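As a plain string of letters, each chain reads:
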Amino acid sequence: MNVREQITNKLIAAGGFWSYDEKSVRENLSDEQIIEGVLAKLDLDDIDLLFRMFSAKKIKDVWRRTMVVQGDFYYSLNRFYAWYYFNIRYPDRYLKAMMTRHLSRLTA
């Protein structure tokens, strides 16, 4: 079993796609959905596998577009990811700046 299948199995078992047909999920799961699902639902070992599958740049881009913009909902988790995985020196400042940028784009 390859790493993608292993992670997909764990995401399905964790209820990441509970409202979808399992076969459809397996056939249509995008890289972005896998990255977001792993960051939101799985543990550190699985996140480490994610970094073997995808570049840190791609993971960071998906994280910034999908999780950081959710503000307080994932705030503690985002602080940890910023510090531990993306080596961001001042996570609180970074997260606030990313939220401000996102909100500015929405209102422009």
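Residues numbered from 1 in each chain as written. Predicted model: local features only at pLDDT ≥ 70, side-chain atom pairs only at ≥ 80, totals over all residues. Heavy atoms only, no water.

1. A closer look at the nonpolar core
The test is simple: What we call a nonpolar core is a set of buried Ala, Val, Leu, Ile, Met, Phe, Trp, Tyr and Cys residues that are connected through their side-chain atoms within 4.5 Å. Each residue's exposure class comes from its accessible area (1.4 Å probe, protein chains only) as a fraction of the maximum for that residue type: buried when under 20%, exposed when over 50%, partly exposed otherwise. Counting from the N terminus, the helices are the DSSP runs of H or I reaching at least four residues and the strands are the DSSP runs of E reaching at least two. Contacts: residue pairs with any heavy atoms within 4.5 Å of one another.
Among the nonpolar cores identified, the biggest contains 28 residues, and Val 38, Leu 39, Leu 50, Trp 63 and Tyr 81 are the most heavily contacted of them. At the level of elements, helix H1 (3-13), helix H3 (31-41), helix H4 (44-53), helix H5 (56-66), helix H6 (75-84) and helix H7 (91-107) are the ones that each hand at least two residues to this core. With four residues, H3 is the largest single contributor of residues to this core. Excluding residues within four positions of it along the chain, Leu 50 makes contact with Ile 7, Ile 34, Ile 35, Val 38, Leu 39 and Ile 59.

2. Re the layout of surface pockets
Where empty space is left becomes clear once a probe the size of a water molecule has been rolled over the atoms. Applied cut-off: Of the two site types, the cavity is a set of points on a 1 Å grid over the protein atoms alone where a 1.4 Å probe fits but cannot get out, and the pocket is an open set with protein on both sides within 12 Å along at least five of seven lines, each lined by residues with an atom within 4 Å of a point. Grid points are joined across faces, edges and corners, and a volume is the space filled by probe spheres set on the points. Residues are grouped as follows: nonpolar covers Ala, Val, Leu, Ile, Met, Phe, Trp, Tyr, Cys and Pro; charged covers Asp, Glu, Lys and Arg; every other residue, Gly included, is treated as polar.
The space that makes up the largest pocket amounts to roughly 160 Å³. The dominant element in the lining of the largest pocket, judged by the number of residues it contributes, is H7, at four residues. By residue class, the composition of the lining of the largest pocket is two nonpolar, one polar and five charged.

3. A few points about the packing of H3 against H4
Here is the rule: Fitted lines through C-alpha atoms give the axes, limited to the stretch in contact for helices. The angle between two N-to-C directions lies from 0 to 180 degrees. An angle below 35 degrees is treated as roughly parallel, one above 145 as roughly antiparallel, one from 65 to 115 as roughly perpendicular, and anything else as oblique. With the far helix as reference, a near helix turned anticlockwise by less than a right angle produces a left-handed crossing, and one turned clockwise produces a right-handed crossing.
Contact geometry for H3 and H4: axes closest at 9 Å, N-to-C directions at 155 degrees. Taken together, H3 and H4 sit at an angle that is classed as roughly antiparallel. Of the two elements, H3 crosses H4, and the hand of that crossing is left-handed. Listed contacts from H4 to Ile 34, Ile 35, Val 38 and Leu 39 of H3 are Asp 46, Ile 47 and Leu 50. Residues that form the contact of H3 with H4 fall into these classes: six nonpolar, no polar and one charged.

4. Regarding unusual backbone geometry
We note that Asn 87 has phi near 50 degrees; this positive angle belongs to a residue other than glycine. You can see Asn 87 is positioned in the loop between H6 and H7.

5. Points about the environment of Trp 83
With respect to the element layout, Trp 83 can be found in helix H6. Setting aside chain neighbours within four positions, we find Trp 83 in contact with Ile 88 and Pro 91.

6. Structural notes on the packing of H1 against H3
The geometry of H1 relative to H3 is characterised by a closest axis approach of 10 Å and an angle of 55 degrees between their N-to-C directions. As far as their axial angle goes, H3 and H1 are oblique. Judged by the sense of rotation from one axis to the other, the crossing of H1 with H3 is left-handed. Residues Arg 4, Ile 7, Thr 8 and Leu 11 of H1 form the contact with H3, whose participating residues are Asp 31, Ile 34, Gly 37, Val 38 and Lys 41. A per-class count over the contact of H1 with H3 returns four nonpolar, two polar and three charged.

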